[in-house]
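Topology and contacts: notes
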Amino acid sequence: MVSALTVRQVRRRYLTLYGLRWLPTGLMIPVMILLMQERGLSLPQIGLVGTAQGLLVLALELPTGGLADALGRRPVLLAAGAINLVSLSLFAVADTFTLFFLVWALQGVYRALDSGPLESWYVDATLAADPDAPYEQGLGYAGTVIGGAIGAGALLSGGLVALGPIGPISALTLPVLVAIGAQAVALVALLVLLVEHRPATGFAAVRASVAQAPRMIGEAVGLLRRSRVLLALVAVELFWGFGMVTFESLLPVRLAEVIGNPERAAALLGPANSAAWIASAAGAALTPLLLRWLGAAPGAALLRILQGVTVVGMGLFAGPVGVLVAYLACYAVHGASNPLHQGLLHRQVDGPYRTSVLSLNSMMAQPAGALGGVVLTALAATTSVGAAMVVGAVVLAVAAPLYLPAWRAARQPAVVPTTGAADSRLPVGRQAADH
């Protein structure tokens, strides 16, 4: 249960907290890879430290969802924010492989705790205020907020780097210090704005939620075994997780390479990241047109191929203008493909397993991203950054055929269970709208 907030108040608080949650991320994106290089880490070492985050998210995401249900969303989000504050503070001073590994391990715990509770609080609080309220509108606004928050953070980060070093603080460290302050503000805002009243559950509920986690995971995996469509859709995330290393981790290195100056590249990355998130929002706005012109599954498949093409451009174009144009195009495609993929997932599962399946889908990208971080950074160090990006592009594109089962299912009548609640089949081919 939550306090007697109105629907509008709940939405306003949710969007405020959501924007504050992503602002530190926007500040960090342009500088985190370049700062680790400045502190002496090689590209293969950067890839290895990143595996700590991916593996911990993989291990903890479903159990921490149960923890949020047992203890409440507020304490879990407060714990997540505090861990992120510690992680960013350590990042500001880390100068060894071991310390950076610890930073990314803490990031993994933070992301696992942070994944889902705020959105769940928003939906529950909205329904408590009005059981018939259309909460989907607020979820849609959140997509705009995340783009604005990351874009603004990235733009501010680039401006801070352009100011140059301040005393003993290097230009690349300045955005990290501001991100620490932004995270502190976000933590205070959580304390003030997120109101939740729940009955005391104690450690017995915690033990029960942890004990149920293996069953939740087993049931979600069981759904994949029973549905070829769902299995193929979740498998797409393996390819995407591997390939996203190209535009999240290798792009700053590639830009520094073509410019010839890491600090100038970091300063340029600020406005570039901001523009990229605007491009992503524009791509998402094309979703209704893609659904009408192509359909969800064919459109998603085509966009995976197009994203691979844009990453090839990032790896092969000679100058900074060409690299950045390809980067913006990559994010526009990314913004358009995500709603299609998520909508296809929602069509394949109903009832109490929806959250578990969505979590499992999200989890698949984590080990694949960790593997991509190791393989592609090692390849970049031994050959070239461009060659590593082309390999990642191919991996992104070859996921396209995995949308074929969903396309075939959409052309068939829906499967209607005839044996009651015990029927294990999933409804497929539903023509529900993407959310």
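Here we summarise the structure given alongside this text. These numbers were taken from a predicted model, which means no experiment stands behind them.

The rules behind the values
Residues numbered from 1 in each chain as written. Predicted model: local features only at pLDDT ≥ 70, side-chain atom pairs only at ≥ 80, totals over all residues. Heavy atoms only, no water. Helix = DSSP H or I, 4+ residues; strand = E, 2+ residues; numbered from the N terminus. Buried < 20%, exposed > 50% of the residue type's maximum accessible area, 1.4 Å probe, protein only. Contact = heavy atoms within 4.5 Å. Expected span 1.5 Å × (residues − 1). Bend = angle between axes of the 7 residues up to and from the residue. Polar contact = N/O pair within 3.5 Å; in protein donor to acceptor, adjacent residues only side chain to side chain. Phe/Tyr/Trp six-rings, centres within 6.5 Å; stacked < 30°, edge-to-face > 60°. Patch = residues over 30% accessible without salt bridge, like charges linked within 9 Å, V, L, I, M, F, W, Y side chains within 5 Å. Areas by Shrake-Rupley, 256 points an atom, 1.4 Å probe, with all protein chains shown as cover. Salt bridge = Lys/Arg side-chain N within 4 Å of Asp/Glu carboxyl O. Axes fitted to C-alpha atoms, helices over the stretch in contact; angles between N-to-C directions. Parallel < 35°, antiparallel > 145°, perpendicular 65-115°, else oblique. Nonpolar A, V, L, I, M, F, W, Y, C, P; charged D, E, K, R; others polar. Core = buried A, V, L, I, M, F, W, Y, C linked by side-chain atoms within 4.5 Å.

1. Some points on the overall build of the protein chain
The number of helices and strands found in the protein chain is 18 helices and zero strands. Looking at the 435 residues of the protein chain, the share that counts as buried comes to 52%. The contacts in the protein chain between residues at least 6 apart in sequence include a share of 83% that link residues at least 24 apart.

2. Here's the deal with helix 12 (residues 262-285)
Over its 24 residues, helix 12 runs 34 Å from end to end, which matches the ideal 34 Å to within 8%, given 1.5 Å per residue. Its maximal kink placed at L269, helix 12 deviates by approximately 30°, while the proline P271 follows within four residues. Taken as a whole, helix 12 has its buried residues at A265, A266, L269, G270, A272, N273, S274, A276, W277, A279, S280 and G283. With a side-chain oxygen lying 3.0 Å from the backbone nitrogen of R264, the N-terminal cap of helix 12 falls on N261.

3. Structural notes on the packing of aromatic side chains
According to the stated counting rule, one finds seven aromatic pairs in the structure shown. Ring centres of Y327 and Y331 lie 5.2 Å apart, and the angle between their planes is 70°; on these two criteria the pair is classed as edge-to-face. Within this pair, Y327 and its partner Y331 are both found in helix 15 (residues 320-347), separated by four residues, close to a single helical turn. Accessibility classification places Y327 together with Y331 in one group, the buried group.

4. Here we look at a nonpolar patch on the surface
On the surface, W293, L294, L302 and L306 cluster together into a nonpolar patch covering about 410 Å² of accessible area. Residue position: W293 is located in helix 13 (residues 287-293). With relative accessibility at 63%, the residue W293 sits in the exposed group.

5. Some words on the side chain of S337
If you trace the backbone, S337 turns up in helix 15. Among residues more than four places away in sequence, those in contact with S337 are L303 and R304.

6. Side note on the environment of L27
Topologically, L27 is positioned in helix 1 (residues 7-28). Given the relative accessible area of 1%, L27 is considered buried. Separated by 151 residues in the primary sequence, L27 and V178 have C-alpha atoms spaced 7.7 Å apart. Excluding residues that lie within four positions of it along the chain, L27 makes contacts with G153, A154, L156, S157, L160, P175, V178, A179 and A182.

7. Observations regarding the packing of helix 10 (residues 228-243) against helix 11 (residues 245-259)
Direction vectors running N to C along helix 10 and helix 11 enclose 5°, while the axes themselves pass 6 Å from each other. When the interaxial angle is binned, helix 10 and helix 11 end up roughly parallel. Here W240, G241, F242 and G243 of helix 10 come into contact with helix 11, specifically with V245, T246 and F247. Split into classes, the residues belonging to the contact of helix 10 with helix 11 amount to four nonpolar, three polar and no charged.

8. Describing the nonpolar core
Ranked by size, the top nonpolar core spans 89 residues in total, and within it M36, F91, W121, F247 and M314 carry the most contacts. Excluding anything up to four places from it in sequence, M314 contacts T246, F247, L251, R254, V323, A326, Y327, C330 and M389. In this structure, A297, A300, V333 and A409 belong to the second largest nonpolar core, which totals 26 residues.

9. So, the pattern of salt bridges
Per the counting criterion, the structure on display carries two salt bridges. Between R21 and D114 there is a salt bridge, with its nearest N and O atoms 2.8 Å apart. Within this pair, whereas R21 is found in helix 1, its partner D114 is found in helix 5 (residues 97-114), the two being separated by 93 residues in sequence. Summarising the burial analysis for this pair, R21 and D114 share the class buried. The salt bridge involving E257 is made with R254; its shortest N-O contact spans 2.7 Å.

10. A word on the environment of G283
Take G283: it is sitting in helix 12. Ignoring sequence-local partners within four residues, the contact set of G283 consists of A332, G335 and A336.

11. Here's the deal with the side chain of S157
Locating S157 in the fold gives a position in helix 7 (residues 136-162). We classify S157 as buried; its relative accessible area is 0%. Contact partners of S157, with chain neighbours within four places excluded, come to G26, L27, P30, V31 and P175.

Nothing here speaks to function; it is all geometry.
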